[in-house]
Amino acid sequence: MKTKKFYVTTPIYYPNDIPHVGHAYTTIVADVISRFYRLNGYDVFFLTGTDEHGKKIQEAAEKAGKKPKEFVDELIPKFKDAWKKLNINYDRFIRTTDKDHEKIVQEVLQKVYDKGDIYFGKYEGLYCVACERYYTEKELENGNCPIHKRPAILLKEDSYFFRLSKYQKKLLELYKKNPEFIFPESRRNEVISRVKEGLRDFSISRTSFDWGIKLPFDKKHVCYVWFDALLNYYSATKENGYWPADAHLMAKDIVWFHAVYWPAMLMSAGIKFPKRLLVHGYWTFDKEKISKSRGKIINVDELVSLTKNSDSVRYFLLRDIVFGEDGDFSEKALIDRHNGELVNKLGNLISRVSGLIEKYGLEKCENLLAKKMNIKKFNELIKNYEFDKALNEVFSFIDRCNEYVQHKKIWETKNKKVLYELADSIKIIAILLYPFIPESCEKIAKQFNFKINFKELKTPLKISKIQKGEHLFSPVEYKKEDKQKRDKGLQKGDKENLQKNVNNEKINKQVLIHKIMEGIAEVDFSDWQKIDLRVAQIKEVEEIPNADKLWKLKLDVGELGERTICAGIKQFYKKEELINKKIIYFTNLKPRILKGVESQGMLLAATNSDHTKVILISPIDNNAENGMKIS
RNA sequence: AGCGGGGUAGAGCAGCCUGGAGUGCUCGUCGGGCCCAUAACCCGAAGGUCGUGCGGUUCAAAUCCCACCCCCGCUACCA
């Protein structure tokens, strides 16, 4: 009989990152899944790795005075060490610089090119001349380069594009036919509704740097990010037969690429799709977004050092949140679970039972206690990725065991049969928990003399000499009183008290709302001063593809030069009506990209409540000069 | 602005899809028990207008529908 295969992946990580709680979570989940399926007799292949190409790496390497390959070679151990610390048992660590990967990427590129799904065009992006690089809207600060504080300009570059737009229908069919393709469902719905809005072709090559895989049909170009990166999943298993993947693990930020780009690429190349994308949320740290710049990053070393136990970290991350949703990591939360659940419940149970057995011994009997553990339910929960609930099942069984010791008063009765039931139950607990906390479970197995596999679950534990041994987990003291946190708590409490007082005094809610509204509506003069309004003249009016409400306007703002904005007035004003008109322009509104065009501010217009009427505001006197300030 | 997620006891959550007494979990608080165990473990108690609407559907709403308020996230050629 052929054993069933199971192939699970993590995303490949950017090697210049420090492995932090987010990376750790994804990778641990993949490890838990792979260990679980292995225990169940599947032939598992577990892939992780790094994404090593691209301009950023090239630049970082130059800065360090190294060749890119040399540079990344030095970064890889950081990830491998992190995974070792967390007991991640992967089968291959793929690097996009691996020769077999590069070869396969080129093969696929050629296939897709031959099919006519790649065409030559121009890439347009926001470019800082001083840095000689493109920035994304997010990276820019008010449209300015974060380093040079000067505006980024729109620049064009030769590039090859992948015809993503061609695959809209086929993708929608894929989602419809395979509802399980994207998990959880909310993500699936999100993707579907966005794909329905239409797809834009995406650029797959660059000529502005050369640290990447060369396009087989044009050696001047190197393959750019996603096309190269996504293919790792396929290239790692093309030869060994594990493809298609059963589960791609990832955080929600890269769902779009995996749910849209990836299957479209595979369709084009005539390759089978992966079966499932497992999408999880973000981890915050003390309720704040994890970011390097704000110093809110918690790396794997720190993570493990908090409880000095990698199993605690693995346990915490899987137990604390519902898979798919966002979670908050805090030292206190980790330590609370470590002490409360691992030390006091599991550790203590092992300790007291092994101690009693050492003193009184065992006598075989039927394990009635085991009926309280629903193994079938546990398995179902894991197969549905409900790790928190699965762990809860085991931990309530641990509670039942602790209760059993208590109620049976073993220290008085010295009942060897009851002790046997407990020992056999501990065997069950350790086997079930093994995918989550492998190191501790192996210790238990050694202490109680059984093997960790699913067959042993049903095989009664054989009698052997059991000794008390060392503690599985040591309690950790949580010391620091975070001032900030206390302050936050106070504020929150105050707000609630206020609300309660308000209710008690039975103030008319309408009056209250009115008062609040007034408070919000009041603006300090200093707030007003932040707003820069100017007279501007409309110089050009252009269409934007696929935009039925927007005009792209070029404005002459006098001393501020020329600016481009997108204005939602297409339905109200014709081109001719706008050209050369003087308007009032809000210059320092945060720029944003609308339909692919950066809008650097907005114009002022009057509008009625349902927005069916829009009237431009214009200086009453036509000799108002461009760039004049409104104050 | 659009889309998604959330608002349940002092704190953190689950329950909602598939309606059935506010059910459950963890921490904290209070009382008791036990002495095998890592100051652990066991039993019990207090504590909630389930964001708002005396909103709608229903015999029945935390759960389904509608409106509103507040928080958080995402908005694609970015690792």
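Positions within a chain are numbered from 1, following the residues in the order the chain's sequence is written. All chains are assigned letters beginning with A, and all ligands numbers beginning with 1, in the order in which they are written. In view of the model being predicted, local features appear only for residues whose pLDDT reaches at least 70, and side-chain atom pairs are presented and counted only at 80 or more, with totals across whole chains, interfaces and linings using the full set of residues. Values shown for side chains rest on all heavy atoms present in the structure; no hydrogens or waters enter the calculation.

### Here's the deal with the protein's contact with RNA strand B
Phase 1: Any residue with a non-hydrogen atom lying within 4 Å of a molecule or strand is treated as near it. Taken together, 52 residues surround RNA strand B, and among them Asp 17, Trp 256, Asn 348, Arg 352 and Lys 468 come closest.
Phase 2: Side-chain atoms alone can form a polar contact between residues adjacent in sequence; in general such a contact is a pair of N or O atoms within 3.5 Å, and within protein one must be able to donate a hydrogen while the other accepts it. Here Glu 412 contributes a side-chain N or O atom positioned 3.4 Å from a phosphate oxygen of RNA strand B.
Phase 3: Here a helix means four or more residues in a row that DSSP labels H or I, a strand means two or more in a row labelled E, and each is numbered from the N terminus. Listing elements by their share of the surface near RNA strand B, those giving two or more residues are helix 6 (185-196), helix 9 (255-269), helix 12 (331-360), helix 14 (387-408), helix 15 (410-413) and helix 19 (483-504).
Phase 4: Sort the elements by how many residues they give to the surface near RNA strand B and helix 12 lands first, with 9 residues.
Phase 5: The classification used treats Ala, Val, Leu, Ile, Met, Phe, Trp, Tyr, Cys and Pro as nonpolar, Asp, Glu, Lys and Arg as charged, and all other residues, Gly among them, as polar. A per-class count over the surface near RNA strand B returns 17 nonpolar, 12 polar and 23 charged.

### Some words on the environment of Phe 450
Phase 1: Along the polypeptide, Phe 450 turns up in the loop between helix 17 (438-448) and helix 18 (454-458).
Phase 2: Sequence spacing of Phe 450 and Asp 424 is 26 residues, and the spatial spacing of their C-alpha atoms is 9.6 Å.
Phase 3: Residues contacting Phe 450, with those up to four places away along its chain left out, are Lys 427, Ala 430, Ile 431, Ile 444, Ala 445, Glu 456 and Leu 461. Any two residues having at least one pair of non-hydrogen atoms within 4.5 Å are treated as being in contact.

### What about the packing of helix 5 (residues 168-177) against helix 9?
Phase 1: Axis definition: a line fit to C-alpha positions, over the contact stretch in the case of helices; interaxial angles, taken between N-to-C directions, run 0 to 180 degrees. Following both chains from N to C, one finds helix 5 and helix 9 inclined at 105 degrees, their axes separated by 10 Å at the closest point. Taken together, the axis directions place helix 5 and helix 9 in an arrangement best described as roughly perpendicular. For the pair helix 5 and helix 9, the contacting residues are Lys 170, Leu 171, Leu 174 and Tyr 175 in the first and Ala 259, Val 260, Pro 263, Ala 264 and Met 267 in the second.
Phase 2: A class-by-class count of the residues in the contact of helix 5 with helix 9 yields 8 nonpolar, no polar and 1 charged. An angle counts as roughly parallel when it lies under 35 degrees, as roughly antiparallel when it exceeds 145, as roughly perpendicular when it falls between 65 and 115, and as oblique in every other case.

### Description of helix 12
Phase 1: Compared with an ideal rise of 1.5 Å per residue, which puts 30 residues at 44 Å, helix 12 spans 40 Å between its outermost C-alpha atoms and is within 8% of the ideal.
Phase 2: Positive phi appears at Gly 361, one or two residues downstream of helix 12, with a value of about 85 degrees. For a helix, the expected span equals 1.5 Å multiplied by the number of residues minus one.

### Some points on the packing of aromatic side chains
Phase 1: Paired rings are identified among Phe, Tyr and Trp, the last through its six-membered ring, by centres lying within 6.5 Å, and are further divided according to the angle between planes into stacked (under 30 degrees), edge-to-face (over 60) and tilted (the rest). Per the counting criterion, the structure on display carries 34 aromatic pairs.
Phase 2: Measuring from ring centre to ring centre gives 5.9 Å for Phe 162 and Phe 227, while their planes differ by 65 degrees; the resulting arrangement is edge-to-face. With Phe 162 in strand 6 (residues 153-162) and Phe 227 in helix 7 (residues 226-230), this pair connects stretches of sequence that are 65 residues apart.
Phase 3: Any Lys NZ or Arg CZ found within 6 Å of a ring centre and within 35 degrees of that ring's normal is scored as a charge over the ring. A cation over a ring is seen here: Lys 5 above Tyr 242, with NZ or CZ 5.6 Å from the ring centre.

### Quick look at the sheet that holds strand 11 (residues 218-223)
Phase 1: What the 3 strands build is an open sheet, ordered 9-11-10; its pairing is antiparallel. The sheet is open, and its two edges are formed by strand 9 (205-206) and strand 10 (214-215), each paired on a single side.
Phase 2: Here 2 bridges tie strand 9 to strand 11, and the two strands are oriented antiparallel to one another. Of the residues in strand 11, the one forming a bridge with Ser 205 is Cys 223. Each pair of strands is called paired provided DSSP finds at least two bridges between the two strands.

### Topic: the pattern of salt bridges
Pairs may arise between side chains of opposite charge once their charged atoms sit close together.
Phase 1: The salt bridge definition used is simple: a Lys or Arg side-chain nitrogen within 4 Å of an Asp or Glu carboxyl oxygen. Scanning the entire structure with this criterion turns up 28 salt bridges.
Phase 2: Its salt-bridge partner being Arg 95, residue Glu 52 comes within 2.6 Å of it at the nearest N-O pair. Placement of the pair is Glu 52 in the loop between strand 2 (43-50) and helix 2 (55-63) and Arg 95 in strand 3 (residues 92-95), with a sequence separation of 43 residues.
Phase 3: Burial classes follow relative accessibility: with a 1.4 Å probe on protein chains only, a residue under 20% of its type's maximum area counts as buried, one over 50% as exposed, and anything between as partly exposed. Accessibility expressed as a relative area gives 0% for Glu 52, which makes it buried.
Phase 4: Taking the relative accessible area as the measure of exposure, Arg 95 reaches 13% and is therefore buried.
Phase 5: A salt bridge links Lys 238 to Glu 107; the shortest N-O distance between them is 3.3 Å. With Lys 238 in the loop between helix 8 (232-235) and strand 12 (247-251) and Glu 107 in helix 4 (residues 99-114), this residue pair connects regions lying 131 residues apart in the sequence.
Phase 6: For Glu 107, a relative accessible area of 33% puts it in the partly exposed group.
Phase 7: Via salt bridges that share partners, Glu 52, Lys 69, Asp 73 and Arg 95 belong to a single interconnected network.

### What to know about the confidence of the model for chain A
Phase 1: Each residue carries a pLDDT score, the predictor's own confidence in it, on a scale running from 0 to 100. Put simply, chain A has an average pLDDT of 81, and 82% of its residues get 70 or more.
Phase 2: Low pLDDT, under 50, characterises residues 481-527; the stretch is placed with 9 contacts to residues that sit more than four places away or in other chains.
Phase 3: Across the interface, the model reports ipTM at 0.85; the global pTM reads 0.76.

### A look at the packing of helix 2 against helix 3 (residues 68-85)
Phase 1: Closest axis-to-axis distance for the helix 2/helix 3 pair is 9 Å, and the angle between their directions is 90 degrees. Comparing the axis directions of helix 2 and helix 3 gives the class roughly perpendicular. Within the contact between the two elements, helix 2 uses Ile 57, Ala 60 and Ala 61 and helix 3 uses Pro 68, Phe 71 and Val 72.
Phase 2: Here the contact of helix 2 with helix 3 is composed, by residue class, of 6 nonpolar, no polar and no charged.

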